[in-house]
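Residue-level structure breakdown
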Amino acid sequence: MHTAPPIFYSYFRASAPYRVRIALALKNITYETVSVDLRQNDQHNLAYQRVNPQALVPSLHIDGQILTQSLAIIEWLEDCYPDPPLLPSSPHDRAFVRSLALTIACDIHPLNNLRVQRYLTQNFDAQPKACQSWQQHWIMLGLHSLETRLKDDLRRGDFCYGNSPGLVETCLIPQWRNAEIQGCDLGGLPILGGIVKRALALPAFIKAHPDLQPDYVPSP
Ligand SMILES: N[C@@H](CCC(=O)N[C@@H](CS)C(=O)NCC(=O)O)C(=O)O
């Protein structure tokens, strides 16, 4: 039971908060959203830097403490709200699931983050086309490796591990959306594509979708 409603610092369009929104929805935890508008550089406001000195979203203020880093937040939720589980019970399978999730969270997403794009543009004079090609390269490298790993793995079911969505889907669905926005050719990834389609039909994934967030604004 919470002493006060959890406060979730988010930005509708950003994929790391989207991961946590999916986990919160799967675990049926209600919260209030505070929007940190990355396009307006709100992440660099002093008030937000007191919440998260890394100047990144998400952050979750819950039970009197501030949690940061999307996967640390999700693992905390898993520890405190174990139902439904987002990780398997056996250590071997937990390592497998974490490894798939980290492929996205550590090896794809950071290379494509807004601050990296801005750095490429400001310091290396990268043009929009070059930035897009950079994004596509790292996304496709990572997603193809996931497709290969899942192809013959008997632990795969309707989802990456078994027949319920878990930690991997919290990362995969936001990353897939980014891939679509960046114009990646996803046709060669039928296993991942099927998993994404099944996940997006579930109520928790619908609830967490960027277009349904309180701070949503349509793209210009
Ligand atoms: N590893 C962090 C990454 C957080 C992150 O990079 N968030 C992005 C949005 S998806 C952000 O706040 N970017 C702000 C910026 O680049 O200035 C996590 O998983 O929480």
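Everything that follows concerns the structure shown earlier in this document.
On a predicted model such as this, the values are computed, not experimentally measured, just so you know.

What counts and what doesn't
- Residues numbered from 1 in each chain as written.
- Predicted model: local features only at pLDDT ≥ 70, side-chain atom pairs only at ≥ 80, totals over all residues.
- Heavy atoms only, no water.
- Helix = DSSP H or I, 4+ residues; strand = E, 2+ residues; numbered from the N terminus.
- Buried < 20%, exposed > 50% of the residue type's maximum accessible area, 1.4 Å probe, protein only.
- Contact = heavy atoms within 4.5 Å.
- Pairing = 2+ DSSP bridges.
- 1 Å grid on protein atoms, 1.4 Å probe; cavity = no way out; pocket = protein on both sides within 12 Å on 5 of 7 lines; lining within 4 Å.
- Points joined across faces, edges and corners; volume = space filled by probe spheres on them.
- Nonpolar A, V, L, I, M, F, W, Y, C, P; charged D, E, K, R; others polar.

Moving on: the overall build of the protein chain. When its secondary structure is counted, the protein chain shows 9 helices and 4 strands. Helices and strands in the protein chain line up, N terminus first, as β-α-β-α-β-β-α-α-α-α-α-α-α. When its C-alpha atoms are laid out on the principal axes, the protein chain stretches across 50 × 50 × 30 Å. The proportion of buried residues among the 220 residues of the protein chain is 47%. When contacts within the protein chain are restricted to residue pairs at least 6 apart in sequence, those whose partners lie at least 24 apart make up 68%.

So, about the pairing of strand β3 (residues 59-62). Relative to β3, strand β1 (residues 7-10) is paired through 3 bridges, and the arrangement is antiparallel. In the strand pairing of β3, Ile 7 is matched with His 61. Pairing between β3 and strand β4 (residues 65-68): 4 bridges, direction antiparallel. For Ser 59, the partnering residue across the bridge sits in β4 and is Thr 68. Where β3 folds back onto β4 in an antiparallel hairpin, the turn is made up of 2 residues, including Asp 63, whose phi is positive at roughly 50°.

Another point: the layout of surface pockets. For the largest pocket, the calculated volume is near 1200 Å³. Those elements that place two or more of their residues in the lining of the largest pocket are α1 (15-26), α3 (70-80), α4 (91-112), α5 (114-124), α6 (128-151) and α7 (167-181). Looking at the lining of the largest pocket residue by residue, the class counts come to 21 nonpolar, 17 polar and 5 charged. Counted as a void, the second largest pocket has a volume near 160 Å³. Surrounding the second largest pocket, Pro 85, Leu 86, Leu 87, Pro 88, Val 97, Tyr 161, Ser 164, Pro 165, Gly 166, Leu 167, Val 168 and Glu 169 form its lining. Its residues assigned to classes, the lining of the second largest pocket shows 9 nonpolar, 2 polar and 1 charged.

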